[in-house]
Amino acid sequence: MDLAFTKEEQAFREEVRQFFRDNVPPDTRRKMVEGRHLSKDEMVTWWRILNKKGWGVSHWPKQYGGTGWTSVQHYIFNEELQSYPAPQPLAFGVSMVGPVIYTFGNEEQKKQYLPRIANVDDWWCQGFSEPGSGSDLASLKTKAERKGDKWIINGQKTWTTLAQHADMIFCLCRTDPGAKKQMGISFIVFSMKSKGVTVRPIQTIDGGVEVNEVFFDDVEVPVENLIGEENKGWDYAKFLLGNERTGIARVGVSKERLRRIRDLAGKVESGGKPIIQDAAFREKLAACEIELKALELTQLRVVADEGKHGKGKPNPASSVLKIKGSEIQQTTTELLMEVIGPFAAPYDVHGDDGSNEAMDWTAQIAPSYFNNRKVSIYGGSNEIQRNIIAKAVLGL
Amino acid sequence: MDFDLNEEQRLLKDSIDGLLTDSYDFESRKKYMMEKGGWSKTVWLKLAEQGLLGLPFAEADGGFGGGGVETMIVMEALGKALVLEPYLATVVIGGGFLRHAGTDAQKAAHVPGIIDGSKTLAFAQLEKNSRYDLFDVATTAKKKGDGWVIDGEKFVVLNGENADTLIVTARTKGERRDKAGIGVFLVPANAKGVTKKSYPTQDGLHAADITLTGVEIGPDAVLGNPEDSLALIERVVDEARVALCAEAVGLMDESLKTTVEYIKTRKQFGVAIGSFQSLQHRASDMFVAAEQARSMSMFATMAGDFENAKERSNAIAAAKVQIGKSLKFVGQQAIQLHGGIGMTMEAKIGHYFKRLTMIENSFGDTDYHQRRVADGGGLI
């Protein structure tokens with residue numbers, strides 16, 4: 001057992017950190033720190049910088065543009081990226097559809113899609129959830145019917161994150177209505193510009209528009225847009241969801257937020273002195289930091305395990321990551337609410353025009369708190385995670 | 001970055017797990033509890049035979065030169081089997097003082113007896129009003145000739161009844177809560193002026209309240225600097241905290257395992273109660289709590305080697321907080337999921353719960369350590 005990173009790993013961390021310092025546009029970083037939404041341009045600009053450096057799809061196999069890093073290097077890269085903070089690569093392209101395509105797609109598809117994913121020439125979105133299919137995803141109803149050399153797609157997806165920016169969607173569609181529910185699903189990709197695709201924004205409780213409903217009305221898709229085999233889509237979906245085990249804890253994100261809380265709590269007054277001097281507050285903050293330290297260690301156990309034994313059989317501790325990671329992220333937003341106190345209330349009256357520097361930092365704290373309620377719901381709700389632990393780990 | 005045991009450590013784990021599987025089932029434990037002092041001399045000698053009592057001592061002193069990881073392995077195994085024998089008091093704490101501060105003569109006098117199992121130790125530190133502050137010492141040690149005279153009262157001294165030697169903290173100068181002026185002394189348990197009141201503790205161990213009245217000891221009884229040994233005490237107690245974290249992980253593992261087995265077999269409404277989602281989720285949360293505790297136990301184990309004393313104690317305090325929170329949840333829910341049977345002395349789960357509970361209140365509880373981390377500027 002050894003807690004230390006090697007000299008090479010430490011040097012790598014420094015290299016990554018320096019690259020972020022030199023290359024993340026300052027305004028992008030500031031907006032991230034303040035919890036503001038970034039424009040499509042801001043995100044794409046940064047991802048292309050990353051891709052130019054060769055780090056855009058770091059965990060892909062080398063022949064498709066990956067880096068060949070060790071699992072510890074990936075961990076360091078992610079932690080530094082999250083805690084700088086800078087936007088993480090677009091998960092829908094880089095972590096989800098990309099690996100499905102290079103693992104199950106044909107050569108033509110790899111050539112066509114992978115470089116465009118890496119450079120975000122196509123913005124991808126995920127067509128999984130439906131109004132009637134949330135945690136029970138396999139009950140989905142959107143159907144794709146084969147007509148000649150086309151799929152005809154009809155149905156509705158929902159919670160489609162950033163579909164308003166998307167050029168492409170990967171979609172789970174029912175292709176065999178007679179089969180048992182998991183068996184008749186296929187994984188089909190197509191252009192969001194196709195005729196018959198309608199995107200309707202959903203405003204969430206934070207006031208933002210991150211998610212959408214997407215309607216398909218006789219959308220015609222070429223048959224070659226099927227990825228892998230027909231009716232095997234559920235397997236690919238499971239592969240996709242199981243692919244990213246360690247990033248989901250978002251330790252770096254919480255670390256950055258805790259540093260911000262400590263910083264703000266040294267400035268905001270309560271009872272005539274900085275709130276950090278309030279023992280009750282300080283202990284709550286320490287409690288959260290300790291929880292995060294435990295999560296970081298749990299994550300490192302999983303990372304070290306993967307580095308040594310491969311990704312074949314996941315360390316059971318990996319099931320902890322989503323539950324604790326989301327809980328801690330939510331706690332950090334609660335602590336920010338506590339720091340800001342009565343100034344949580346004003347809506348973002350100034351916008352982001354820099355007209356009121358003294359108060360601008362307060363604007364996104366309540367929305368961020370509201371918005372972060374999502375993290376224990378998406379990606380398999382924490383209740384679903386508990387079902388998984390009960391079944392897969394405890395054998396109940 | 002590596003969380004795996006090496007080959008030798010795996011062998012160590014197999015060997016102690018094997019020994020305890022053979023000799024430490026729950027029924028045997030009840031018998032050991034009835035022996036003098038509340039534990040089994042026979043088991044103790046078996047631990048000695050396997051070299052476990054000499055584990056952390058340097059090879060030059062007759063030991064095996066084991067480090068924190070080796071102690072973690074042993075303590076986890078002792079927790080899993082709910083072992084009564086005084087490993088913490090004798091090897092971890094007593095041994096710790098000798099390793100960090102013992103002179104060659106002191107080591108020669110005490111270490112061989114620890115290693116061969118013939119002698120055990122006890123740490124007489126807690127006082128009526130000291131609670132968790134290690135520097136809060138009212139017991140006095142006054143110079144007499146070239147020796148010392150000790151007066152004071154010590155409470156809940158684990159293994160106090162059986163120990164051959166007491167390790168006593170006492171003030172050589174200053175006021176009760178001064179950080180300077182504290183010494184550590186090796187006191188023969190049969191010295192004139194030592195009186196003991198022994199009793200079983202809530203978790204089935206044995207402790208004693210010990211009064212020292214004009215106890216005279218020689219100059220060779222001083223461990224370290226008699227006027228400035230708080231750092232030494234903190235170091236050894238930190239090692240004890242780390243060991244308790246590992247013991248708690250073993251206890252939690254076994255509690256969770258026992259509980260899961262129980263809800264798989266206990267039937268109500270015609271089905272195993274483990275098929276109910278509310279119980280499954282509770283068990284999953286117990287798993288999460290136990291894994292977080294394991295991570296922090298490993299962290300504390302490795303932090304034990306940190307050279308920077310502040311970083312070391314901060315990390316260990318954080319671990320004790322996580323362990324305290326986890327053990328409370330796992331312990332309480334293990335009883336809840338067992339239902340009525342969990343309330344009985346007959347079922348083993350309650351005994352695990354009791355030991356876990358006592359660990360929370362040993363060497364600083366959750367609030368105490370959380371305050372330390374908070375006042376120390378946090379962890380990030």
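Residues numbered from 1 in each chain as written. Chains lettered and ligands numbered in written order. Predicted model: local features only at pLDDT ≥ 70, side-chain atom pairs only at ≥ 80, totals over all residues.

- By the naming in an unreviewed UniProt entry, chain B is Pimeloyl-CoA dehydrogenase, small subunit, taken from Bradyrhizobium shewense.
- For chain B, the Sequence similarities (unreviewed entry) comment in UniProt is given as "Belongs to the acyl-CoA dehydrogenase family."
- Quoted verbatim from the Cofactor (unreviewed entry) heading of the UniProt record, the comment on chain B is "FAD". (UniProt positions renumbered as here; feature names shortened; annotations may be inferred.)

- Naming follows an unreviewed UniProt entry, where chain A appears as Pimeloyl-CoA dehydrogenase, large subunit of Bradyrhizobium shewense.
- Its UniProt record, at the heading Cofactor (unreviewed entry), says of chain A: "FAD".
- Of chain A, the UniProt comment under Sequence similarities (unreviewed entry) reads exactly: "Belongs to the acyl-CoA dehydrogenase family."

## Examining the interface of chain A and chain B
Here is step 1 of the chain: Listed as interface residues are 36 residues of chain A and, on the opposing side, 33 residues of chain B.
Here is step 2 of the chain: Considering each element in turn, the side of chain A that touches chain B owes the most residues, 15 residues, to helix H9 (residues 279-309) of chain A. (Contact = placed C-beta atoms within 7 Å. Helix = DSSP H or I, 4+ residues; strand = E, 2+ residues; numbered from the N terminus.)

## Observations regarding the domain arrangement of chain A
All names here are of chain A.
Here is step 1 of the chain: Here the domain parsing of chain A yields domain 1 (7-89), domain 2 (124-239) and domain 3 (245-393).
Here is step 2 of the chain: Here the C-alpha centroids of domain 2 and domain 3 sit 31 Å apart.
Here is step 3 of the chain: Grouping the constituent residues of the side of domain 2 that touches domain 3 by class yields one nonpolar, four polar and one charged. (Domains from an automatic or database assignment. Nonpolar A, V, L, I, M, F, W, Y, C, P; charged D, E, K, R; others polar.)

## Some words on the environment of glutamine 88 of chain A
All names here are of chain A.
Here is step 1 of the chain: Here glutamine 88 lies in the loop between helix H4 (71-83) and helix H5 (91-104).
Here is step 2 of the chain: Spatially, the C-alpha atoms of glutamine 88 and leucine 50 are 9.9 Å apart, while their sequence positions differ by 38 residues.
Here is step 3 of the chain: When near neighbours in sequence (up to four residues on either side) are disregarded, glutamine 88 contacts Leu81 and Gln82.

## Digging into the UniProt feature "domain: Acyl-CoA dehydrogenase/oxidase N-terminal" (unreviewed entry) in chain B
Here is step 1 of the chain: Residues annotated by UniProt as "domain: Acyl-CoA dehydrogenase/oxidase N-terminal" (unreviewed entry) correspond here to residues 6-117 of chain B.
Here is step 2 of the chain: Taken end to end, residues 6-117 of chain B is 67% helix and 0% strand, and its two terminal C-alpha atoms sit 27 Å from one another.

## Side note on the domain arrangement of chain B
Residue and element names in this part refer to chain B.
Here is step 1 of the chain: One can read the domain layout of chain B as domain 1 (7-119), domain 2 (122-227) and domain 3 (231-375).
Here is step 2 of the chain: Look at where the C-alpha atoms of domain 1 and domain 2 centre, and you get two points 23 Å apart.
Here is step 3 of the chain: Across the contact, 17 residues belong to domain 1 and 18 residues belong to domain 2.
Here is step 4 of the chain: Elements with a contribution of two residues or more to the side of domain 1 that touches domain 2: helix H5 (87-101) and helix H6 (104-115).
Here is step 5 of the chain: The element contributing the most residues to the side of domain 1 that touches domain 2 is H5, with seven residues.
Here is step 6 of the chain: Here the side of domain 1 that touches domain 2 is built from residues that sort into nine nonpolar, seven polar and one charged.

## Details of unusual backbone geometry
Here is step 1 of the chain: Cis geometry marks the peptide bond from tyrosine 84 of chain A to proline 85 of chain A, where omega comes out at -5°.
Here is step 2 of the chain: Considering the arrangement of structural elements, one finds proline 85 of chain A in the loop between H4 and H5.
Here is step 3 of the chain: Here the phi dihedral of valine 156 of chain B falls at roughly 45°; this positive angle occurs in a residue that is not glycine.
Here is step 4 of the chain: Mapping valine 156 of chain B onto the fold places it in strand S3 (residues 147-158).
Here is step 5 of the chain: Classification of valine 156 of chain B as partly exposed rests on a count of 18 C-beta atoms within 10 Å.
Here is step 6 of the chain: Phi angles above zero are rare outside glycine, and phenylalanine 269 of chain B is one such case at about 55°.
Here is step 7 of the chain: Residue placement: phenylalanine 269 of chain B occurs in the loop between strand S9 (267-268) and strand S10 (271-272). (Buried ≥ 20, exposed ≤ 12 C-beta atoms within 10 Å, placed from the backbone.)

## Points about the UniProt feature "domain: Acyl-CoA oxidase/dehydrogenase middle" (unreviewed entry) in chain A
Here is step 1 of the chain: Taking the numbering used here, the UniProt-annotated feature "domain: Acyl-CoA oxidase/dehydrogenase middle" (unreviewed entry) corresponds to residues 125-219 of chain A.
Here is step 2 of the chain: Between the C-alpha atoms that bound residues 125-219 of chain A there is a distance of 16 Å. The span itself is 0% helix and 52% strand.

## Regarding the pairing of strand S7 (residues 206-217) of chain B
Residues and elements named next belong to chain B.
Here is step 1 of the chain: Direction of pairing for S3 relative to S7: antiparallel, over a ladder of eight bridges. In the sheet register, isoleucine 150 faces S7, and the bridge partner there is valine 215.
Here is step 2 of the chain: One ladder, built from seven bridges, connects strand S6 (residues 194-200) with S7; its direction is antiparallel. Among the inter-strand pairings, serine 198 is bridged to a residue of S7, identified as alanine 208.
Here is step 3 of the chain: Turn length for the S6-S7 hairpin, with the two strands adjacent in sequence and antiparallel, is five residues, and the turn residue glycine 204 shows positive phi of about 90°. (Pairing = 2+ DSSP bridges.)

## Points about the environment of glutamate 346 of chain B
Residue and element names in this part refer to chain B.
Here is step 1 of the chain: Mapped onto the elements of the fold, glutamate 346 is located in the loop between helix H9 (309-338) and helix H10 (349-360).
Here is step 2 of the chain: Since 8 C-beta atoms lie within 10 Å of it, glutamate 346 is described here as exposed.
Here is step 3 of the chain: Spatially, the C-alpha atom of glutamate 346 lies 9.9 Å from that of phenylalanine 26, the residues being 320 residues apart in sequence.

## Things to note about the UniProt feature "domain: Acyl-CoA oxidase/dehydrogenase middle" (unreviewed entry) in chain B
Here is step 1 of the chain: Look at the UniProt record and you will see "domain: Acyl-CoA oxidase/dehydrogenase middle" (unreviewed entry) annotated at residues 123-209 of chain B.
Here is step 2 of the chain: Structurally, residues 123-209 of chain B is divided into 0% helix and 51% strand, and its ends, taken at the C-alpha atoms, are 11 Å apart.

## Comments concerning the packing of H9 of chain A against helix H10 (residues 318-340) of chain A
Residue and element names in this part refer to chain A.
Here is step 1 of the chain: In the contact formed by H9 and H10, the axes pass within 10 Å of each other and the chain directions differ by 155°. The angle between H9 and H10 places the two elements in the roughly antiparallel class. Judged by the twist between their axes, the crossing of H9 over H10 is left-handed. Here H9 contributes Phe281, Lys284, Leu285, Cys288, Glu291, Leu292, Leu295, Thr298, Gln299 and Val302 to the contact with H10, which in turn contributes Ser318, Val320, Leu321, Lys324, Gly325, Ile328, Thr331, Thr332, Leu335 and Glu338.
Here is step 2 of the chain: Taken together, the residues of the contact of H9 with H10 break down into 10 nonpolar, six polar and four charged. (Axes fitted to C-alpha atoms, helices over the stretch in contact; angles between N-to-C directions. Parallel < 35°, antiparallel > 145°, perpendicular 65-115°, else oblique. Left-handed = near helix turned anticlockwise from the far one by under 90°.)

## Points about the nonpolar core
Residue and element names in this part refer to chain B.
Here is step 1 of the chain: Ranked by size, the top nonpolar core spans 214 residues in total, and within it Phe185 and Ala248 carry the most contacts.
Here is step 2 of the chain: Tallying contributions element by element places helix H7 (residues 230-265) first for this core, with 18 residues.
Here is step 3 of the chain: Ignoring any residue separated from it by four or fewer positions in sequence, one finds alanine 248 in contact with Gly79, Ala293, Ile323, Leu327, Leu356 and Ile359. (Core = buried A, V, L, I, M, F, W, Y, C linked by C-beta atoms within 7 Å.)

## With respect to H6 of chain B
Residues and elements named next belong to chain B.
Here is step 1 of the chain: The end-to-end C-alpha distance of H6 is 16 Å, a good match for the 16 Å that 12 residues give at a rise of 1.5 Å each.
Here is step 2 of the chain: Those residues of H6 not exposed but buried are Lys107, His110, Val111, Ile114 and Ile115. One face of H6 carries all of its buried residues, which in axial projection span an arc of 130°. Facing away from the buried surface of H6 by more than 90 degrees, the exposed residues are Ala105 and Ala108.
Here is step 3 of the chain: Where the residues of H6 are buried, they touch helix H3 (41-49), H5, strand S1 (121-124) and strand S4 (165-171).
Here is step 4 of the chain: Among the residues trailing H6, glycine 117 stands out with phi positive, at a value near 85°. (Expected span 1.5 Å × (residues − 1). Arc of directions from axis to C-beta.)

## Examining the packing of H7 of chain B against helix H8 (residues 277-303) of chain B
Residue and element names in this part refer to chain B.
Here is step 1 of the chain: Running from N to C, H7 and H8 cross one another at 160°; their axes reach a closest spacing of 9 Å. Relative to H8, H7 is oriented roughly antiparallel. As for the relative orientation of H7 and H8, their crossing is left-handed in sense. Seen from H7, the contacting residues are Val242, Cys245, Ala246, Ala248, Val249, Met252, Asp253, Leu256, Thr259, Val260 and Ile263; seen from H8, they are Leu279, Ala283, Met286, Phe287, Ala290, Ala293, Arg294, Met296, Ser297, Ala300 and Thr301.
Here is step 2 of the chain: A breakdown of the residues in the contact of H7 with H8 according to their chemical character gives 17 nonpolar, three polar and two charged.

## Things to note about the pairing of strand S4 (residues 168-174) of chain A
Within a regular strand, the side chains alternate between the two sheet faces.
All names here are of chain A.
Here is step 1 of the chain: Counting buried positions over the seven residues of S4 gives seven, a clear majority of the element.
Here is step 2 of the chain: With burial as the criterion, each face of S4 is covered, one bearing Met168, Phe170, Leu172 and Arg174 and the other bearing Ile169, Cys171 and Cys173.
Here is step 3 of the chain: By the bridge criterion, four bridges tie strand S1 (residues 124-127) to S4 in an arrangement that is parallel. The residue of S4 that forms the bridge with glutamine 126 is phenylalanine 170.

## Description of the environment of alanine 60 of chain B
All names here are of chain B.
Here is step 1 of the chain: Residue placement: alanine 60 occurs in the loop between H3 and helix H4 (68-80).
Here is step 2 of the chain: Taking the number of C-beta atoms within 10 Å as the measure of exposure, alanine 60 has 9 and is therefore exposed.
Here is step 3 of the chain: Residues alanine 60 and alanine 108, 48 residues apart in the sequence, show an inter-C-alpha distance of 10 Å.

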